[in-house]
Amino acid sequence: MKTLFSLIVVFSCLQLVAQSPEEKLTAAGIVLPTVSSPVANYVNAVRIGNLIFLSGKGPSDTQGKYITGKLGSDLSIEQGYAAARLTAINQLAVLKKELGELGKIKRIVKVLGLVNSASDFYDQPKVMNGFSDLMVLALGEKGKHARSAIGTNTLPFNMAVEVELIVEVTD
C-alpha cells in the first residue's frame, strides 16, 4: 500500500511538471483574452533572433476597460496587485499570439513595471508582485525574471500600471 501511495504521489508530481503553461492557466481559471490592437503607430511585439520585446500594456478587461487610478490615493496595494496580474495575463496573450504556444518561452528575461503612484506611495514592488507571481504560476522557473518597479505620476488613460518585458524564446 505504501508503495502504491508513493507511485501515485510521484505520478501526480510528474503530471504537474508536465503541464503546459496553457494548462496551468486553465487550471487556475484564467482565460487568455483576444489581443487588442495598439492605440498608436507601434506594434505589440518585435522579435529579434530569440528575443521578443513586448510594448507596454496595461490592465484592460475583455471589453477593453482599464483598471485606472493612482496607487496610494485611489487604489490599494491589493487592487494594484490585481491590476498587475491582469496585465500579465494580457502580455501572455500577446506572447501566445506571437508564438502559437507559450511552451516556446525559454525565459522571461526582464520586466519593467510602471505604477501610477501618488507622490507618497512607495510600495511599487508589492504592486508588481501581481505580475511576477502570475508569470511564475504560468511558466514556473522560466517565469522568474529581473525586474524594475517604478512609480510614475501618470500613465496613458490613467491606467494603474503599465508593463513592458523582454522574453527569450526557442527557435
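Whatever comes next refers back to the structure up there.
Here goes a summary of the coordinates provided.

Rules used in this analysis
- Residues numbered from 1 in each chain as written.
- Predicted model: local features only at pLDDT ≥ 70, side-chain atom pairs only at ≥ 80, totals over all residues.
- Heavy atoms only, no water.
- Helix = DSSP H or I, 4+ residues; strand = E, 2+ residues; numbered from the N terminus.
- Buried < 20%, exposed > 50% of the residue type's maximum accessible area, 1.4 Å probe, protein only.
- Contact = heavy atoms within 4.5 Å.
- Areas by Shrake-Rupley, 256 points an atom, 1.4 Å probe, with all protein chains shown as cover.
- Expected span 1.5 Å × (residues − 1).
- Bend = angle between axes of the 7 residues up to and from the residue.
- Phe/Tyr/Trp six-rings, centres within 6.5 Å; stacked < 30°, edge-to-face > 60°.
- Core = buried A, V, L, I, M, F, W, Y, C linked by side-chain atoms within 4.5 Å.
- Pairing = 2+ DSSP bridges.
- Salt bridge = Lys/Arg side-chain N within 4 Å of Asp/Glu carboxyl O.

1. Focus: the overall build of the chain
Here is step 1: Counting secondary structure elements, the chain contains 4 helices and 5 strands.
Here is step 2: Helices (α) and strands (β) of the chain occur, in sequence order from the N terminus, as α-α-β-β-α-β-α-β-β.
Here is step 3: Per-residue burial over the chain gives 36% buried out of 171 residues.
Here is step 4: Restricting to contacts in the chain with at least 6 residues of sequence separation, those with at least 24 account for 81%.
Here is step 5: Roughly 9500 Å² of accessible area belongs to the chain as shown, and the carbon and sulfur atoms make up 58% of that amount.

2. Section: helix H4 (residues 124–139)
Here is step 1: Over its 16 residues, H4 extends 23 Å from the first C-alpha to the last, a length consistent with the 22 Å expected when each residue adds 1.5 Å.
Here is step 2: At Gly130, H4 shows its maximal kink, close to 30 degrees.
Here is step 3: Among the residues of H4, those classed as buried are Gln124, Val127, Met128, Gly130, Phe131, Ser132, Leu134, Met135, Ala138 and Leu139.
Here is step 4: Downstream of H4 by a residue or two, Gly140 has a phi angle that is positive, lying close to 65 degrees.

3. So, the packing of aromatic side chains
Here is step 1: For the structure shown, the criterion picks out 1 aromatic pair.
Here is step 2: Taking the centre distance of 5.5 Å and the plane angle of 5 degrees together, the rings of Tyr66 and Phe157 count as stacked. Taken together, the residues Tyr66 in the loop between strand E2 (51–57) and helix H3 (77–99) and Phe157 in the loop between strand E4 (146–152) and strand E5 (161–169) connect sequence positions 91 residues apart.

4. As for H3
Here is step 1: The terminal C-alpha atoms of H3 lie 32 Å apart, and with 23 residues this matches the ideal 33 Å at 1.5 Å per residue to within 8%.
Here is step 2: Looking one or two places after H3, you find Gly100, whose phi comes out positive at around 90 degrees.

5. With respect to the nonpolar core
Here is step 1: Among the nonpolar cores identified, the biggest contains 37 residues, and Leu92, Leu95, Ile108 and Phe131 are the most heavily contacted of them.
Here is step 2: Only E2, H3, strand E3 (105–116), H4 and E5 provide two or more residues apiece to this core.
Here is step 3: It is H3 that provides the largest number of residues to this core, a total of 9 residues.
Here is step 4: When sequence neighbours within four positions are dropped, the list of residues in contact with Ile108 reads Leu95, Met135, Leu139, Lys142, Gly143, Lys144, His145, Leu165, Ile166 and Val167.

6. Quick notes on the pairing of E5
Here is step 1: Taken together, the 5 bridges between E2 and E5 define a ladder with antiparallel strand orientation. Along E5, the bridge assignment pairs Phe53 with Ile166.
Here is step 2: The sheet contact formed by E3 and E5 spans 9 bridges and is antiparallel. The residue of E5 that forms the bridge with Leu112 is Glu164.

7. Description of the pattern of salt bridges
Here is step 1: Applying the stated criterion to the full structure yields 4 salt bridges.
Here is step 2: The residue Lys126 makes a salt bridge to Asp123 at a minimum N-O spacing of 3.8 Å.
Here is step 3: Ionic pairing is found between Glu141 and Lys144, a salt bridge with its closest N-O pair at 3.2 Å.
Here is step 4: For Lys144, a relative accessible area of 38% translates into the label partly exposed.

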